[in-house]
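Structural characterization, general
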Amino acid sequence: MAGNTGTYLIRGASLLGGEPGDLLIRDGVIAETGAGLTAEGASVIDAAGLVALPGMVDVHTHLREPGREDAETVETGTRAAALGGYTAVHAMANSTPVADTAGVVEQVYSLGQAAGWVDVRPVGAVTVGLAGEQLAELGAMADSRARVRMFSDDGICVHDPVLMRRALEYVKAFDGVVAQHAQEPRLTAGAQMNEGEVSAVLGLTGWPAVAEESIIARDVLLAQHVGSRLHVCHVSTAGSVEIIRWAKQRGINVTAEVTPHHLLLTDDLVRSYDPVYKVNPPLRTDADVQALRAGLADGTIDVVGTDHAPHPSEHKECEWAQAAMGMTGLETALSVVQHTMIETGLISWADFARVTSAAAAKIGRLEDQGRPLEAGEPANVILVDPAARWTVEPAKMATMGRNSPFKGMELPGKVVATFFKGHPTVLDGKLNTPYPHAASVGAA
Amino acid sequence: MKHLLSTEDLSLANAIRILDTAEEMAAVGDREVKKLPALRGRTVVNLFFEDSTRTRISFEAAAKRLSADVINFAAKGSSVSKGESLKDTAQTLSAMGADAVVIRHWASGAPHRLAATDWIDAAVINAGDGTHEHPTQALLDAFTMRRHWSRLAGTGSEGADLKGMRVAIAGDVLHSRVARSNVWLLRTLGAEVTLVAPPTLLPIGVEKWPCSVSYNMDETLEQGVDAVMMLRVQGERMNASFFPSTREYSRRWGFDDNRLRSLDALGMKDTIIMHPGPMNRGLEISAAAADSPRSTVLAQVRNGVSVRMAALYLLLSGDTREPAAPALAYAGTHSTKESN
């Protein structure tokens, strides 16, 4: 671990939303915790009223580089991540070229290191070119410098049951996990939005809940059969929550994620035909939103994943059917989760730390992330002002994407500081400096 | 009214106003000189992203009878990468000074996008968008029904609604913008609508619509109906398993000669048969039905010009035009707005 990241004494922060305490950060680790700490030469941060949490870990981020640097780069995406309270992100594989070889995942990994805002952990494609025909060299990606553990064709479902079975079996060799984008392709041909009352009126081709649920049901049974580890991306329906709950009760090794937007927004918004609300899986009904919140609260859903998906404006300033699917999310995730889960009394800040950090790090096998706020642990720590209120202005975000569905909404909670490996990437709610990566190269 | 985007949010007052104005316009069509100076100097653009000669010439005739300048813009092309975007097209038309844009688009909601964005500040008339709505078709259908219904009642049609009229709409409801616009408008006008279709061609969620649903054409006819509207069905739907064969479709859901005879047998001498065109004779409607005295197919075409004149006139004549409104399209609201 690098040793030149400075010394910071955080005074009086509410640790995981509990009792106030001090945190001394020195040389990249939490050196001490307790009350009334002092340290020679430390920068002191008065954190009264702030909540200290482990740095957030996103299991689902689209950084777009290589290939779509007009939409986002590793640099801009990870700046957004740091501002949103993240210290690690999993970069999805649907870049151009696809991250289906050791070379591409190492490139993305290196770009992340060079940027220095968060840990960038590339996700490897399950199949060559995301084509769903042939397994990519999963082992080579696992053994690469990027040490890939999560594999996903996200954006496209691994719908061939044999291929899915083989992928689940194969990743056991290196403790990998297959993260499935659950979408039965035949049931969703041309799909534009959730199939239901609203799609009937709008005349937009429906994306039925059963297309997600049937794949999840199949996959949990496959995971059970071959004794492997399955992660379900962006669960969006009440029925999916029930199937995953059932699978967990049977002891199946499955984890699941929900996006902030699926915790808040419904398909009623599509009545505007504004493509900022176009996303895959689509916004569902209020009953689904409530079931997802309940599932996240009771542990059926393990983590919040942003599915941060920036797009250039021309891909959204068009007809609904022409528009790209996806929403930005890194800079609004904390606020949306506070709004939908904490302020509703469904979870505590300690639970928040679990669903946005600890559980996510465990799924991705990131040893230095999602750790407790204790002496000796890596100093990936954020300070949050839960009393802050702010209005979402996409034009002011660090991400290049302006496609935030929360535009104009007033949301609670603001990230005041982000410490990444002991270095403040964000201070006073603003970007500070990246982690001095030169010292860390080779340390990872 | 600034725009005419859908019938879902068209108020009863505005619907009646359009229909009454269309009656006045129809009178113009009976004159030797079929032209009014009302829109002289105004420019109407027919912006068609999808082929539809019938609808385009109907709008063209309507605009010309009102003395507007008409520009036809056939903008085929299906993706941003292949050509100009809707935004650029709209801004181009705006720069050319279009006062009204009549838009036909294969994508549901495209007219809403034009109306809700600042790309163009013209009145937008939806001439059919994807499988969403086709409001002027529904208005011309209502106009045709209202004349018939008023004649039976022995009253004039002006100011009248369709209270008590029983209308069956049969066919591919799932893919039909005509059906959607008719369901909303007929509800507003007080008619009782029954959709008749195979379950595969009804949208999930149809149970929330203000109408009843039947899978049985003969039962629907037996229960009494004042107008039967047959929707065009595409034979290719068969290949996507919406129905087993065109013959089976015809037997179960088509308006064939037997059903034409059954109207007589059931004593429904005043029941009319409607079709928005173009017809698939022998598939959803038999030749005898299409050509029978009950058929209003040609009257619908004629009335289409009057209704479109009324829509253009009301949107462009000035007295109802609102100042430029900001984008209205947000959560839980609809993206069109009525001024009264």
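Residues numbered from 1 in each chain as written. Chains lettered and ligands numbered in written order. Predicted model: local features only at pLDDT ≥ 70, side-chain atom pairs only at ≥ 80, totals over all residues.

Turning next to the overall build of chain B. For chain B, the helix and strand inventory stands at 11 helices and nine strands. Its C-alpha radius of gyration of 20 Å places chain B within 12% of the 20 Å reference for a compact globule of 340 residues. The C-alpha extent of chain B, read off along each of the three principal axes, is 60 × 50 × 35 Å. Counting every position in chain B, which comprises 340 residues, the buried fraction comes to 49%. Long-range pairs, those at least 24 residues apart, make up 76% of the contacts in chain B with a sequence separation of at least 6. (Helix = DSSP H or I, 4+ residues; strand = E, 2+ residues; numbered from the N terminus. Rg over C-alpha atoms; globule rule 2.2 N^0.38 Å. Buried ≥ 20, exposed ≤ 12 C-beta atoms within 10 Å, placed from the backbone. Contact = placed C-beta atoms within 7 Å.)

Turning our eyes to something else, we now look at the sheet that holds strand β13 (residues 230-232) of chain A. In sheet architecture, strand pairing relies on hydrogen bonds along the backbone and comes in two forms, parallel and antiparallel. All names here are of chain A. Read from one edge to the other, the open sheet built from five strands follows the order β9-β10-β13-β14-β15, with strand pairing classed as parallel. On the outer flanks of this sheet lie β9 (150-151) and β15 (303-304), each paired with one strand and no other. Of the pairings in the sheet, the one linking strand β14 (residues 254-258) to β15 comprises two bridges and is parallel in character. Bridge pairing links V258 to V304 in β15. (Pairing = 2+ DSSP bridges.)

This part takes up the domain arrangement of chain A. It is common to give the size of an interface as the accessible area lost on bringing the parts into contact. All names here are of chain A. Assigned domains of chain A: these are domain 1 (7-52 + 376-395 + 408-439) and domain 2 (55-364). Contacts between the two partners involve 21 residues from domain 1 and, on the opposite side, 25 residues from domain 2. Counting residues per element, the side of domain 1 that touches domain 2 draws most heavily on strand β17 (residues 410-420), at six residues. Partitioned by chemical class, the residues of the side of domain 1 that touches domain 2 number 15 nonpolar, six polar and no charged. (Domains from an automatic or database assignment. Nonpolar A, V, L, I, M, F, W, Y, C, P; charged D, E, K, R; others polar.)

The next subject is unusual backbone geometry. Residues and elements named next belong to chain A. That bond from E65 to P66 is cis: its omega, 5°, falls within 30 degrees of zero. For P66, the location among the structural elements is in the loop between β6 (56-61) and α1 (74-83). Here N280 and P281 are connected by a cis peptide whose omega angle stands at -5°. Assignment of secondary structure puts P281 in the loop between α8 (260-264) and α9 (286-297). Although it is not a glycine, R147 adopts a positive phi angle of roughly 45°. Along the chain, the position of R147 falls in the loop between α3 (138-143) and β9. Residue R147 is classed as partly exposed on the basis of its 17 C-beta neighbours within 10 Å.

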